[in-house]
Every structure is written in structure tokens, then in C-alpha cells.
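# Observations on the model geometry
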Amino acid sequence: MDVIFIGSFFVWVLFLLCSLDLCAGQIVYSVTEEGNKATVVGNVAKDLNLNVNDLQSGQFHIVNGLNKNYFEVNLKTGELYVGERIDRENICLTSQTCTLNIEAIAQNPLRLFSIGIDILDINDNSPLFPIKTYHLNITESAFHGDRFPLPKASDADVGINSIRSYKLSQNDYFSLDVQNNGGHSVSAELVLQKALDREKMTVITLILTAIDGGKPPRSGIVEIVVDVVDVNDNTPTFSQQLYKRIPLRLNFTFKRRTGPHILAHLIVKC
Ligand SMILES: [Ca+2]
Ligand SMILES: [Ca+2]
Ligand SMILES: [Ca+2]
Ligand SMILES: [Ca+2]
């Protein structure tokens, strides 16, 4: 029998046992994701009041589900242990809680046990921005206090291990306003603190850092490039205020040199 057929067979047996009122309740364990194989989760023989000898005789079966052997039982000790890598993010995606349910069947007498294993998150993912560089066009006539939304980072972890804050690199023009929407999402905006002047600074480069709440925390960065957009805020001016009208008598002399370049000398006689 292949694995899928075995799984289907046990699901059918479980349904039959429960319909015959032979379900014997549920126990719950917890284990952190990404733990080593063979990490012990609990002792099912002890917690289910089973005789270890019954396990050894091959009359105890664990049903994990489709094609996965996340958990196995040591039939000599009754210990339930991790059978293969458990990646919480792969199993439960963004769900805040993650529980794997497995079933166990004991014979003599025939009983069904439901075992729930809470998969605890660890901080194994860093905040990630969707782009490496974010360009922002801000006109030099922008006002003090004007706000500019920034891209949000994502973090595959949940709870405290997801994004908790942002910080901005040191600069003279912008502060950062971080909004925490009830712990569900965190976003940030640039707030203009000093008037921009394109004639003095055409581009301002900043680094935005997203930080999660893990211990130790992990972070991700995005480069913010502010392109200062010109406005017509300068009137034409002359280099000096007063120009004299002077009669000129011009006498031009051109001197030709060999080669591709021509050098001209202008002699002005007033
Ligand atoms: Ca993981
Ligand atoms: Ca994780
Ligand atoms: Ca994280
Ligand atoms: Ca200007």
C-alpha cells in the first residue's frame, strides 16, 4: 500500500471508530518549528495510559496525514518525536495559531486518540521589502509637516516575531512617523521637517529599516531616493545692477594655427 492509501484507510477507520463512540479524547502538545529531528514532543503511552508492551506489539498506529511524517512514535518508550522538518510558515502561512492534528489507534481494547500539536513560531524570517530602491518625487515647494507614505515590509513570522517598527537613517530633512495598527500591521510615513531647495540639493538618499520583535531582532532595509522636483521659484537676474553705455571701436585680429583647432584673439580698443 502507498502512503496516500494508508492515510485514507486510517481516516476511514477513524470515522468508523468515532461513529461507534470509541473516540477516547484528545491530548495537546506543543513544539517549536524548525527543531531537530527526533526532538521529543511528549510521551503518548504515559499520557494516554497505554501499556508500552502494547505499542511494541505493533498494535499502536499514528496517522499523520497526507504524505508527511511530521511525528513518529518510539514504540519502545512511547515517546512522540519529530520525524521531519516542521516549517510553521509553510504549514500555516500567516495564521496566528498553527496546530497539527494527528490520530492514534490502539487495539486491545480498540480506541481512538486525537493528538493536537501546537507549532510554536520562532523568528527565522527577516522583514523583507518588495523592492530594493523606492523613488519618491517631492516638489521643492512642499510644506513643513507634509507626509509621504513609504513601502511596507513583510515578515513571514507571526506575533512578536513579525514587524514591530521602522527607523530612518540620519538626515536633515525628514522624520519618520510609525503607525502601529493594533499590532496587525505597522506602516511608516516620511514627514518633511525642513524646506527643500532643489538648487541646493537635487537628490536625498535615505535608508529605511524594518525591524521585527524577535529576540534577537531581525531587520530588512530599502533605499529611499527622494528626487527634489523643481518649481519656478527664481526670477532672472543680471550679474550687476548698473551697466554703462560705452562707445566701442573694434579691431579684430585672427591668428591661425596649424592643426585642427583655431585660436582667435580678440583685441578690443576703447
Ligand atoms: Ca520556519
Ligand atoms: Ca517562524
Ligand atoms: Ca521575523
Ligand atoms: Ca529653490
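Just so it is clear, the model here is predicted, and its values are computed rather than measured.

Conventions used here
Residues numbered from 1 in each chain as written. Chains lettered and ligands numbered in written order. Predicted model: local features only at pLDDT ≥ 70, side-chain atom pairs only at ≥ 80, totals over all residues. Helix = DSSP H or I, 4+ residues; strand = E, 2+ residues; numbered from the N terminus. Buried ≥ 20, exposed ≤ 12 C-beta atoms within 10 Å, placed from the backbone. Contact = placed C-beta atoms within 7 Å. Pairing = 2+ DSSP bridges. Axes fitted to C-alpha atoms, helices over the stretch in contact; angles between N-to-C directions. Core = buried A, V, L, I, M, F, W, Y, C linked by C-beta atoms within 7 Å. pLDDT = per-residue confidence, 0-100.

Helix and strand counts for the protein come out as 4 helices and 16 strands. Residue burial in the protein is summarised as follows: out of 270 residues, 19% are buried. Taking the contacts inside the protein whose residues are at least 6 apart along the sequence as the reference set, 64% of them involve residues at least 24 apart.

Sheet strands pair by backbone hydrogen bonding; their relative direction is either parallel or antiparallel. Across the sheet, 4 strands lie side by side as β8-β14-β13-β10; this open sheet has mixed pairing. Across the chains shown, the open sheet's two edge strands, defined by having one partner strand only, are β8 (133-139) and β10 (163-168). Sheet twist, expressed as the average angle between the axes of neighbouring strands with direction ignored, equals 25 degrees. Pairing of β10 with strand β13 (residues 203-212) involves 5 bridges; the strand directions are antiparallel. Bridged to Tyr166 within β13 is Ala210.

If you trace the backbone, Leu48 turns up in the loop between α2 (44-47) and α3 (52-56). On the basis of neighbour counts, which here come to 18 C-beta atoms within 10 Å, the residue Leu48 falls in the partly exposed class. Along the sequence, Leu48 and Ile27 sit 21 residues apart, while their C-alpha atoms lie 8.0 Å from each other. Not counting residues within four places of it along the chain, the set of residues in contact with Leu48 comprises Ile27 and Phe113.

Another aspect to go through is the nonpolar core. Val44, Phe71, Val73, Ile102, Ala104, Ile115 and Ile117 are the most contacted members of the largest nonpolar core, which has 20 residues in total. Elements supplying a minimum of two residues to this core: α2, β3 (60-63), β4 (71-73), β5 (79-82), β6 (99-106) and β7 (111-120). It is β7 that contributes the most residues to this core, 5 residues altogether. Within the second largest apolar cluster, 16 residues are counted, among which are Leu150, Ala153, Ile224 and Val226.

Residue Pro216 is bonded to the preceding Lys215 through a cis peptide linkage, with omega at 0 degrees. Along the chain, the position of Pro216 falls in the loop between β13 and β14 (219-229). Not every positive phi belongs to a glycine, and Ala38 is a case in point at roughly 80 degrees. With respect to the helices, strands and loops of the structure, Ala38 is situated in the loop between β1 (23-32) and β2 (40-43). C-beta crowding within 10 Å serves as the criterion here: with 11 such atoms nearby, Ala38 is assigned to the exposed category. In the Ramachandran plot, Leu93 falls in the positive-phi region, its phi being about 50 degrees despite a non-glycine side chain. With respect to the element layout, Leu93 can be found in the loop between α4 (88-92) and β6. The class for Leu93 is exposed, based on 10 C-beta atoms found within 10 Å.

Glancing now at the sheet that holds β5. With respect to topology, 3 strands assemble into an open sheet ordered β2-β5-β4, the strand pairing being antiparallel. If you trace the sheet from one side to the other, it starts and ends with β2 and β4, each paired once. Mean inter-strand twist for the sheet, computed between neighbouring axes without regard to direction, equals 25 degrees. Strand direction decides the pairing type here: β4 and β5, joined by 3 bridges, are antiparallel. Within β5, the position partnered with Phe71 by the bridge is Val82.

Note on placement: Val226 falls in strand β14. Judged by C-beta crowding, with 23 C-beta atoms within 10 Å, Val226 ranks as buried. Distance in space between the C-alpha atoms of Val226 and Thr202 is 8.4 Å, their sequence separation being 24 residues. With near-sequence residues (within four places) excluded, Val226 lies in contact with Leu136, Ile138, Val203, Ile204 and Leu206.

On to the confidence of the model for the protein. When pLDDT drops low, the exact placement of atoms in the prediction is not to be read closely. In this model, the protein carries an average pLDDT of 85, and 80% of its residues clear a pLDDT of 70 or more. With pLDDT under 50 throughout, residues 1-7 is counted as low confidence; its partners more than four residues away or in other chains account for 7 contacts. Here residues 258-270 is a poorly scored stretch, pLDDT under 50, and it has 14 contacts once near neighbours within four places are set aside; other chains count.

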